[in-house]
Amino acid sequence: MRLNILKLINYDEPVKNGPRTHEGAPARVLTAERALRRSVLSCMLWENEFYEDGVEIANRIASLVPQVAAERVAALAIEAREQMKLRHVPLLLVREMARHASHRGLVAETLARVIQRADELAEFLAIYWAAGKQPLSGQVKKGLAAAFVKFDEYALAKYDRTGSVRLRDVLFLSHAKPLDATQAELWKRLAANELATPDTWEVALSAAGREGGASKQAVWERLLHERRLGALALLRNLRNLHEAGVREDLVLAGLAAMKTDRVLPFRFLAAARKAPQWEEALELAMFRSLADRAGLLPGHTVLLVDVSGSMSYAMSKRSEMNRTDAAYGLAILLREIAAKVTIYTFSETARLVPSRRGIALRDALDRSQPHGGTNLGAALRQLEWECVLYDRLIVITDEQAHDTVGDSRGRGYMINVASNRNGVGYGDGTHGWTHIDGFSEAVVEYIAELEHAP
């Protein structure tokens, strides 16, 4: 098996002849903690990326955990879940912590913190037993028990799915103690498979088309009329709504009314690509989501966006989003919140992008040049003589440069949107780059906080 032949790398030691990106550029030798961060914070666990497969990434994460202090691993797991909104890789980090005596003391509190959806209780056990069943440690039981009490009947019923591990299994194995008599009665119904069926859109649609049941069109229209679809569910299902023949006025009303405060631009871009007939309404909703963030970055920001071929790869096997969606979404976000922005793309060369907003900016970025190689070093040199004065330079990329990448001139940020082992763009923030992994709104807020710090 591949797991048994993977050669583990000590990231604290130089690699012979120096590490390289997948395209051949010299990369930085990283500490174990930095290597773990770059593999974790953009990771869709066990999903293949353009250059590396998911098993390789997961094994690298597992090998790095014991090389990093327990409190730093725990903090990274919490950051990945709460700031970057990742679900599976925080569970893997805690599972690997449970293997090592030096890390086990923080397992319970970290596990209870990162489990934020009821199905993650069972998913953690599936990860724990991936290589074969074994007894749960005391810390794991304690963490699962502490997490279990968070969830009400709706959450438990919604996520009590058929699988190798059921929620009742977690309940029995963790020996969780109910908070009160009401919760004790709820858990009895869970154990007896007698929870009330939740009225979710998934349940309603699974019943659609059965004998005597409503059509999918009728179910979708009822859900829209009753405002039962959350923002992400609505965005992800726009194509399904169209194919079911749902009335357009209901769809447009749903988009106009949905809460957008926690939805990032790349979600709207992915939805617009799948449902272009509603692009105008999606753009209006996207602008609503950004309305209260203006002026977050003062001065002149230069943004350099990677449009090389590897950036067009899907984020995950089941995802309709590409890494370009993440990059373009961050570009749209920066256009709205920065005082002044000049935007370039790079692939074989650097290209200045017209001053546009929203969907029009996405189109300008995508059509700016062919999606070929990753000549980041050359693009930076070109940009330096074309754009003389700026307050900050932000690069959005998967970092797999073909040519040598030097230090930034002045304040520079390298935002990495992939989990590849080696990368460029590291420094101390004064000499060289400030390196940031991941693609949530947290990266922009981090830049603002860093610059405003005394």
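Parameters and conventions
- Counting of residues starts from 1 at the beginning of each chain's written sequence and follows it residue by residue.
- Predicted model: local features are reported for residues with pLDDT of at least 70 only, side-chain atom pairs are reported and counted for 80 or more only, and whole-chain, interface and lining totals are derived from all residues.
- Where side-chain values are given, they derive from all heavy atoms of the structure, hydrogens and water being excluded.
- Put simply, DSSP marks the helices as runs of H or I at least four residues long and the strands as runs of E at least two long, and each gets a number from the N terminus on.
- Think of it in three bands: residues with accessible area under 20% of the maximum for their type are buried, residues over 50% are exposed, and the middle band is partly exposed, with areas taken using a 1.4 Å probe on protein chains only.
- Computed with a 1.4 Å probe, the accessible areas rest on the Shrake-Rupley method; for each residue, only the protein chains presented here act as cover.
- Salt-bridge detection follows one rule: a side-chain nitrogen of Lys or Arg within 4 Å of a carboxyl oxygen of Asp or Glu.
- Every residue pair with non-hydrogen atoms within 4.5 Å of one another is taken to be in contact.
- Here, strands pair whenever DSSP counts at least two bridges between them.
- In this description, a line fitted to the C-alpha atoms serves as the axis of each element, helices being fitted only across the stretch in contact, and the angle between N-to-C directions of two axes falls anywhere from 0 to 180 degrees.
- With respect to orientation, any angle under 35 degrees is reported as roughly parallel, any angle over 145 as roughly antiparallel, any angle of 65 to 115 as roughly perpendicular, and every other angle as oblique.
- Crossing handedness: left-handed means the near helix sits turned counterclockwise from the far one by under a right angle, and right-handed means the same turn made clockwise.
- As a working rule, the residues Ala, Val, Leu, Ile, Met, Phe, Trp, Tyr, Cys and Pro are called nonpolar, Asp, Glu, Lys and Arg charged, and the rest polar, with Gly in that last group.
- We define the nonpolar core as a collection of buried residues of types Ala, Val, Leu, Ile, Met, Phe, Trp, Tyr and Cys that are connected through side-chain atoms lying within 4.5 Å of one another.
- Pairing of aromatic rings covers Phe, Tyr and the six-membered ring of Trp, with a centre-to-centre limit of 6.5 Å; geometry is then stacked below 30 degrees between planes, edge-to-face above 60, and tilted otherwise.

Asks: Can you explain the overall build of the protein chain? Please cite residues and give values.
Replies: Summing up its helical and strand segments, the protein chain has 22 helices and six strands in all. Relative to its 454 residues, the protein chain shows a buried fraction of 53%. Put simply, the protein chain shows about 20600 Å² of open surface, and 51% of that area lies on carbon and sulfur atoms.

Asks: Any chance you could break down the pattern of salt bridges for me, citing the residues and the numbers?
Replies: Applying the stated criterion across every chain yields a total of 21 salt bridges. Its salt-bridge partner being arginine 357, residue glutamate 336 comes within 2.8 Å of it at the nearest N-O pair. In this pair, glutamate 336 is assigned in helix α19 (residues 323–337) and arginine 357 in the loop between β3 (350–352) and α20 (358–366), connecting sequence segments 21 residues apart. Assessed through its relative accessible area of 45%, arginine 357 is described here as partly exposed. What you see here is one network of salt bridges that share partners, running through Arg81, Arg87, Arg117, Asp119, Glu120, Glu123 and Arg161.

Asks: Report on helix α7 (residues 119–128), specifying residues and quantitative values.
Replies: Of all ten residues making up α7, eight are buried, and the element is well covered by its neighbours. Taken as a whole, α7 has its buried residues at Asp119, Glu120, Leu121, Ala122, Phe124, Leu125, Ile127 and Tyr128. Packing partners of the buried residues in α7 comprise α4 (70–82), α5 (88–97), α6 (107–114), α8 (138–148), α9 (153–159) and α10 (167–174).

Asks: With reference to specific residues and values, describe unusual backbone geometry.
Replies: Phi at histidine 175 is positive, roughly 55 degrees, even though this residue is not glycine. Within the element layout of this structure, histidine 175 appears in the loop between α10 and α11 (181–191). The phi dihedral of arginine 227 falls on the positive side, at around 55 degrees, and the residue is not glycine. Note that arginine 227 resides in the loop between α13 (216–225) and α14 (231–236). A relative accessible area of 48% places arginine 227 in the partly exposed class.

Asks: Account for the sheet that holds strand β2 (residues 338–346), with residues named and values stated.
Replies: Strand pairing in a sheet is mediated by backbone hydrogen bonds. Such pairs are either parallel or antiparallel. A sheet is described by the order of its strands in space; here six strands give the open sequence β3-β2-β1-β4-β5-β6, paired in mixed fashion. If you trace the sheet from one side to the other, it starts and ends with β3 and β6 (434–437), each paired once. Strand after strand, the sheet turns through a mean of 25 degrees between neighbouring axes, direction not considered. Pairing analysis gives five bridges linking strand β1 (residues 297–306) to strand β4 (residues 392–397), with the strands arranged parallel. If you follow threonine 301 over to β4, its bridge partner there is arginine 392. α19 contacts β1, β2, β4 and β5 (412–416) of the sheet and is inclined by roughly 150 degrees relative to β2.

Asks: Go over the packing of α8 against α10, please, and point to the residues and values.
Replies: The geometry of α8 relative to α10 is characterised by a closest axis approach of 9 Å and an angle of 125 degrees between their N-to-C directions. Between α8 and α10, the interaxial angle falls into the category oblique. Handedness of the crossing formed by α8 with α10: left-handed. In contact with Lys141, Leu144, Ala145 and Phe148 of α8, α10 contributes Leu167, Val170, Leu171, Leu173 and Ser174. Looking at the contact of α8 with α10 residue by residue, the classes come out as seven nonpolar, one polar and one charged.

Asks: Before we move on, could you go through the packing of α19 against α20 and cite the residues and values that matter?
Replies: The angle between the axes and the distance between the axes are what describe a pair of packed helices. Where α19 contacts α20, the axes come no closer than 10 Å and their chain directions differ by 130 degrees. Taken as axis vectors, α19 and α20 run oblique relative to one another. Crossing angle aside, the handedness with which α19 passes α20 is right-handed. Between α19 and α20, the contacting residues are Tyr328, Ala331, Ile332 and Arg335 on the first element and Gly358, Leu361, Arg362, Leu365 and Asp366 on the second. Here the contact of α19 with α20 is composed, by residue class, of five nonpolar, one polar and three charged.

Asks: For the nonpolar core, give the residues involved together with the corresponding values.
Replies: Generally speaking, soluble globular proteins have nonpolar side chains that are buried together. Membership of the largest hydrophobic core comes to 120 residues, with the highest contact counts inside it found for Leu36, Leu144, Leu156, Leu238 and Leu255. Looking at this core element by element, the count peaks at eight residues for α19. Counting residues in each nonpolar core, the second largest holds 17 residues, with Tyr344, Leu380, Cys387 and Met414 among its members.

Asks: Break down the packing of aromatic side chains for me, citing the residues and quoting the values.
Replies: Counting across every chain of the model gives two aromatic pairs. With 5.9 Å between their ring centres and 45 degrees between their planes, phenylalanine 124 and tyrosine 128 make a pair best called tilted. Residue phenylalanine 124 and its partner tyrosine 128 are located together in helix α7, separated by four residues, close to a single helical turn. Of the two residues examined, phenylalanine 124 and tyrosine 128, each falls in the buried class. Measuring from centroid to centroid gives 5.4 Å for phenylalanine 148 and tryptophan 187, while their planes differ by 80 degrees, and the two rings are edge-to-face.

Asks: Can you break down the environment of phenylalanine 172 residue by residue, with the values?
Replies: The residue phenylalanine 172 is located in helix α10 in this model. Look at phenylalanine 172 and you get partly exposed, because its relative accessible area is 43%. Taking C-alpha positions, phenylalanine 172 is 10.0 Å from lysine 141, a pair spaced 31 residues apart along the chain.

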